[in-house]
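Spelled out, the chains give:
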Amino acid sequence: MKRNNVVIIGAGLGGLECGYILARNGMKVTVLERESQIGGCIQTFKRGDVTFDTGFHYIGAMGEGEALNRLFGYFDLLSLPWTKLDEDNFDEVVIGERHFHFANGHARFAETLAREFPHERENLLRFTSLLKQVGDNIFTTFGAEGTNLSGSLFQQSAYQFINDTIGDPLLRKVLSGTSLKMELNAPTLPLYTFAQINDSFLRSAWRLRGGGALIADALADSIRRMGGEVITNAQVTKIYETDGQVTGVTIGGTEHISADYVISSVHPAYTVALVEESSRKMRNSYRKRIASLANTFGMFTANIRLKPGAMPYLNKNIYIHKPEADLWNVKTTATESVLVNYSVPEDGCTTAANIDLLSPMSWEEVKKWAYLPVGRRGDDYVEYKQHKTEDCLRLVEKTLPALRDAIDHVYTSSPLSYHSYTASAEGCAYGIRKDYNNPMFTVLTPRTPIQNLLQTGQSLNLHGVLGVSMTAFLTCAEILGMDKIRQELKLK
């Protein structure tokens with residue numbers, strides 16, 4: 001029997017996971033990455049002997065029997081050096097002078113916050129009950145019985161849910177305080193997105209010593225062992241179609257690779273642009289529809305290398321917000337919220353080598369420099385990032401007063417960096433903005449108008465490591481069939 005040839009555009013998490021699934025099922029897989037380094041948003045970079053993550057910071061639901069644990073078990077990723085965050089305080093939300101602890105476990109999470117908000121105990125239980133229901137049913141996505149729950153919650157407002165469920169305005173802000181896991185956009189965010197992502201972290205929260213590149217490298221190594229290829233410095237410039245079917249791709253404008261299937265893990269707008277204008281199947285109406293979809297905001301990051309021994313490692317994340325911050329209507333120019341994320345020390349010591357400060361930043365703030373090449377965007381761009389770094393430090397040092405004196409060096413990135421290195425449209429942090437008012441239009445499926453051209457990645461269903469991993473299986477189900485996917489995951 002002829003083996004299917006599958007070309008995958010982009011060696012980010014979704015592309016590599018699709019490559020793994022299909023190679024494991026006997027297909028000849030070629031993953032093409034335009035950059036010199038694989039990983040996309042989970043790649044790392046080194047400055048001296050310190051490793052920084054690009055977009056991978058921590059994950060949820062990796063405990064025994066939990067959703068990502070099952071998926072990463074399939075991908076043979078459980079042996080990587082995972083570190084579980086503090087179960088009593090994996091996330092700390094700081095609003096003004098007040099500190100609130102997020103504990104693992106739905107009941108323990110509700111009880112911990114009920115000590116601060118005793119009048120909201122029953123409402124907290126209602127809140128966590130909905131989250132738990134979503135998490136308990138996550139794998140019904142791979143069967144018809146899952147369409148009712150996820151489908152209905154994709155059509156409901158997350159903002160309305162939290163306002164209807166929680167009476168205390170401060171508690172509503174606290175429960176929204178880990179907002180940098182997603183874009184909290186009041187007019188659009190679906191309840192399913194909010195519930196599924198938050199649920200995964202309530203179950204368990206983890207970091208990876210050595211950074212997200214370990215995931216990418218392990219997946220690539222497995223693909224190669226199973227007979228596939230992962231090729232870097234291979235930019236796809238065109239997707240070819242013949243008689244309504246994709247027949248292959250072109251690399252660098254000259255080299256042609258044939259394929260029975262093409263899977264694109266890059267942003268849908270870029271995928272559409274790669275298809276020939278003469279395509280019989282991909283009509284202008286579809287192209288315009290994809291081009292019209294709004295993207296989520298981007299992220300500014302200050303990657304800070306610390307002086308040796310200057311600050312203790314904290315096994316938690318800290319979300320710091322100004323009291324006046326409206327978390328559901330982010331003003332990106334104001335620097336009202338910052339996530340403080342620590343990297344696990346690679347030598348096992350108790351002091352931190354580096355931390356990251358992350359704050360929302362829109363494409364509008366930086367697009368005037370987009371036409372300039374990387375590294376040569378001018379002094380005004382450098383100065384702009386320096387001002388943003390200072391804004392972040394001023395907000396954070398109220399909680400971590402030792403930070404400023406502990407800094408050895410600061411490296412910065414903006415949505416322009418994500419746009420340049422990971423092909424994220426407008427440097428968006430979470431892909432296309434999902435809209436509960438119109439889920440059929442904004443929650444994309446793996447299918448395209450061309451039957452054997454598929455998509456995967458964070459812009460389709462859900463973002464984040466868990467969401468992208470789920471989507472990879474949904475994409476591969478279009479080739480292997482859903483029954484085979486359920487068999488692969490050992491689902492009943």
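Presented here is a report on the structure given in the accompanying data block. (Residues numbered from 1 in each chain as written. Predicted model: local features only at pLDDT ≥ 70, side-chain atom pairs only at ≥ 80, totals over all residues. Heavy atoms only, no water.)

Comments concerning the sheet that holds strand E11 (residues 236–242)
To summarise the sheet geometry, strands pair through backbone hydrogen bonds and adopt either a parallel or an antiparallel arrangement.
Then comes step 1: Sheet architecture is open: 3 strands sit in the order E11-E12-E13, paired in antiparallel fashion. Each edge of the open sheet is held by one strand with a lone partner, namely E11 and strand E13 (255–258). This sheet shows a mean twist of 30 degrees between the axes of neighbouring strands, independent of strand direction.
Then comes step 2: Pairing geometry for E11 and strand E12 (residues 245–251), over 6 bridges, is antiparallel. When the bridges of E12 are listed, Tyr240 appears paired with Gly248. (Pairing = 2+ DSSP bridges. Helix = DSSP H or I, 4+ residues; strand = E, 2+ residues; numbered from the N terminus. Axes fitted to C-alpha atoms, helices over the stretch in contact; angles between N-to-C directions.)

Here we look at the side chain of Thr301
Then comes step 1: In this fold, Thr301 is placed in strand E15 (residues 298–306).
Then comes step 2: Contacts of Thr301, omitting those with residues within four sequence positions, involve Asp356, Leu357, Leu358, Tyr411, Thr412, Ser413 and Tyr418. (Contact = heavy atoms within 4.5 Å.)

Things to note about the packing of aromatic side chains
Then comes step 1: Summed over the entire model, instances satisfying the criterion amount to 24 aromatic pairs.
Then comes step 2: Centre to centre, the rings of Phe75 and Phe473 are 5.4 Å apart; their planes meet at 40 degrees, and the pair counts as tilted. Within this pair, whereas Phe75 is found in the loop between helix H2 (67–74) and strand E6 (82–84), its partner Phe473 is found in helix H16 (residues 464–480), the two being separated by 398 residues in sequence. Grouping residues by exposure puts Phe75 and Phe473 together as buried. (Phe/Tyr/Trp six-rings, centres within 6.5 Å; stacked < 30°, edge-to-face > 60°. Buried < 20%, exposed > 50% of the residue type's maximum accessible area, 1.4 Å probe, protein only.)

Considerations on the side chain of Ser459
Then comes step 1: Relative to the assigned elements, Ser459 resides in the loop between strand E20 (453–455) and H16.
Then comes step 2: Among the polar contacts made by the side chain of Ser459, one reaches the main-chain amide nitrogen of Ile432 at a distance of 3.1 Å. (Polar contact = N/O pair within 3.5 Å; in protein donor to acceptor, adjacent residues only side chain to side chain.)

Re the packing of helix H3 (residues 106–114) against helix H4 (residues 121–136)
Then comes step 1: One can describe the packing of H3 onto H4 by two numbers: an axis separation of 9 Å at closest approach and a directional angle of 155 degrees. Comparing the axis directions of H3 and H4 gives the class roughly antiparallel. The chirality of how H3 crosses H4 is right-handed. The residues of H4 that touch H3, namely those facing His106, Phe109, Ala110, Glu111, Leu113 and Ala114, are Arg121, Leu124, Leu125, Phe127, Thr128, Leu131 and Lys132.
Then comes step 2: Counted by class, the contact of H3 with H4 contains 8 nonpolar, 2 polar and 3 charged residues. (Parallel < 35°, antiparallel > 145°, perpendicular 65-115°, else oblique. Left-handed = near helix turned anticlockwise from the far one by under 90°. Nonpolar A, V, L, I, M, F, W, Y, C, P; charged D, E, K, R; others polar.)

By themselves, these observations are geometric and do not establish any function.
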